[in-house]
Amino acid sequence: MTKEENGLHRKWAVQLFNETWDLIEKKERTSDEDSQMLEKAYASLYHWRQIGKKLNLARGYWQVSRVHAILSQGEAAYFYGIAGFELCEAEDFGDFDLAFAYESLARAEKCRGNFESMSTWFERGQIAAENIVKEDDKKYFLSELASVNKG
């Protein structure tokens, strides 16, 4: 891959990730926006994969898992949550990346109705939060983790 192609993949990966995030945070989405949210998450993941940076790939898996959970698609949320978690473990990604991998699995298991497993992943997330270095990141993570138990 040329340097230019690499740059274009990175540009699109970042832009689509951010656009997906905007839709995740939107209070009321139309069904069309739900579709766009999912499509953008997958497109971002695709572009991260082309670049080959595993940390970004793990974050892409997290985002796809999150979108599927929002859309009440528990099996797909779990599939991508596990992919992100396994990548974090294999590459020794810690800090908030590992914590968010646990969060995605807690959310996916809630979506699938597996509340005992949800609690296990939730607890792992709480423990992982202790290893988040930046205090602002830790606070943000804990607020996101707490949202698993809402609604």
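Before reading on, note that the structure itself is shown above.
All figures in this text were calculated on a predicted structure; none of them were measured in a lab. (Residues numbered from 1 in each chain as written. Predicted model: local features only at pLDDT ≥ 70, side-chain atom pairs only at ≥ 80, totals over all residues. Heavy atoms only, no water.)

With that settled, the discussion passes to the overall build of the protein chain. Helices and strands together make up the secondary structure of the protein chain, namely seven helices and zero strands. If you list the helices and strands of the protein chain from N to C, you get α-α-α-α-α-α-α. The C-alpha radius of gyration computed for the protein chain amounts to 15 Å, which stays within 12% of the reference 15 Å derived for 151 residues, consistent with globular compactness. Each principal axis of the C-alpha atoms in the protein chain carries an extent, and together these give about 45 × 35 × 25 Å. For the protein chain, restricting intrachain contacts to residue pairs at least 6 apart in sequence, the fraction spanning at least 24 positions comes to 62%. A total of about 8400 Å² of accessible surface is found on the protein chain, and carbon and sulfur atoms cover 50% of it. Where the 20 positive side-chain charges of the protein chain centre and where its 26 negative ones centre are 3 Å apart. (Helix = DSSP H or I, 4+ residues; strand = E, 2+ residues; numbered from the N terminus. Rg over C-alpha atoms; globule rule 2.2 N^0.38 Å. Contact = heavy atoms within 4.5 Å. Areas by Shrake-Rupley, 256 points an atom, 1.4 Å probe, with all protein chains shown as cover. Lys, Arg positive; Asp, Glu negative; His and termini not counted. Charge placed at Lys NZ, Arg CZ, Asp CG, Glu CD.)

Position of Glu103 among the secondary structure elements: in helix 5 (residues 95-112). Leave out the neighbours within four places in its chain, and Glu103 touches Trp62, Arg66, Phe141, Glu144, Leu145 and Val148.

What follows is about the packing of helix 5 against helix 6 (residues 115-129). The description of two helices packed together rests on the angle between their axes and the distance between the axes. Between helix 5 and helix 6, the least distance of the axes is 8 Å, while the angle of their chain directions is 160°. Accordingly, the angle class assigned to the pair helix 5 and helix 6 is roughly antiparallel. Of the two elements, helix 5 crosses helix 6, and the hand of that crossing is left-handed. Facing helix 5, whose interface residues are Ala99, Tyr102, Leu105, Ala106, Glu109 and Lys110, helix 6 presents Phe115, Ser117, Met118, Trp121, Phe122, Arg124, Gly125 and Ala128. The residue makeup of the contact of helix 5 with helix 6, split by class, is nine nonpolar, two polar and three charged. (Axes fitted to C-alpha atoms, helices over the stretch in contact; angles between N-to-C directions. Parallel < 35°, antiparallel > 145°, perpendicular 65-115°, else oblique. Left-handed = near helix turned anticlockwise from the far one by under 90°. Nonpolar A, V, L, I, M, F, W, Y, C, P; charged D, E, K, R; others polar.)

A rise of 1.5 Å per residue sets the reference length of helix 3 (residues 54-70), with its 17 residues, at 24 Å; its end C-alpha atoms lie 24 Å apart and thus fit the reference within 8%. Burial runs high along helix 3: 13 of the 17 residues are buried. Immediately beyond the C-terminal end of helix 3, within one or two residues, lies Ser72, with a positive phi of roughly 60°. (Expected span 1.5 Å × (residues − 1). Buried < 20%, exposed > 50% of the residue type's maximum accessible area, 1.4 Å probe, protein only.)

Relative to the helices and strands, Arg107 is located in helix 5. Owing to a relative accessible area of 14%, Arg107 belongs among the buried residues under this scheme. If sequence neighbours within four positions are ignored, Arg107 has contacts with Arg66, Ala69, Glu144, Ser147 and Val148.

Turning next to the nonpolar core. Counting 40 residues, the largest nonpolar core has Tyr61, Phe85, Trp121 and Phe141 as its most contacted members. Breaking this core down by element, the ones donating at least two residues are helix 1 (3-25), helix 2 (31-51), helix 3, helix 4 (74-91), helix 5, helix 6 and helix 7 (135-146). Among the elements that take part in this core, helix 5 stands out by supplying seven residues, more than any other. Setting aside residues up to four positions removed in sequence, Tyr61 forms contacts with Leu45, Arg49, Tyr80, Ala83, Gly84 and Leu87. (Core = buried A, V, L, I, M, F, W, Y, C linked by side-chain atoms within 4.5 Å.)

Let us look at the packing of helix 3 against helix 5. Where helix 3 contacts helix 5, the two axes come as close as 9 Å, and the packing angle between them is 25°. The angle between the axes of helix 3 and helix 5 places the two elements in the roughly parallel class. The two elements helix 3 and helix 5 cross, and the hand of that crossing is left-handed. Facing Leu55, Arg59, Trp62, Ser65, Arg66 and Ala69 of helix 3, the residues of helix 5 in contact are Phe96, Asp97, Phe100, Glu103, Ser104, Arg107 and Cys111. Looking at the contact of helix 3 with helix 5 residue by residue, the class counts come to six nonpolar, two polar and five charged.

None of this, on its own, says anything about what the molecule does.
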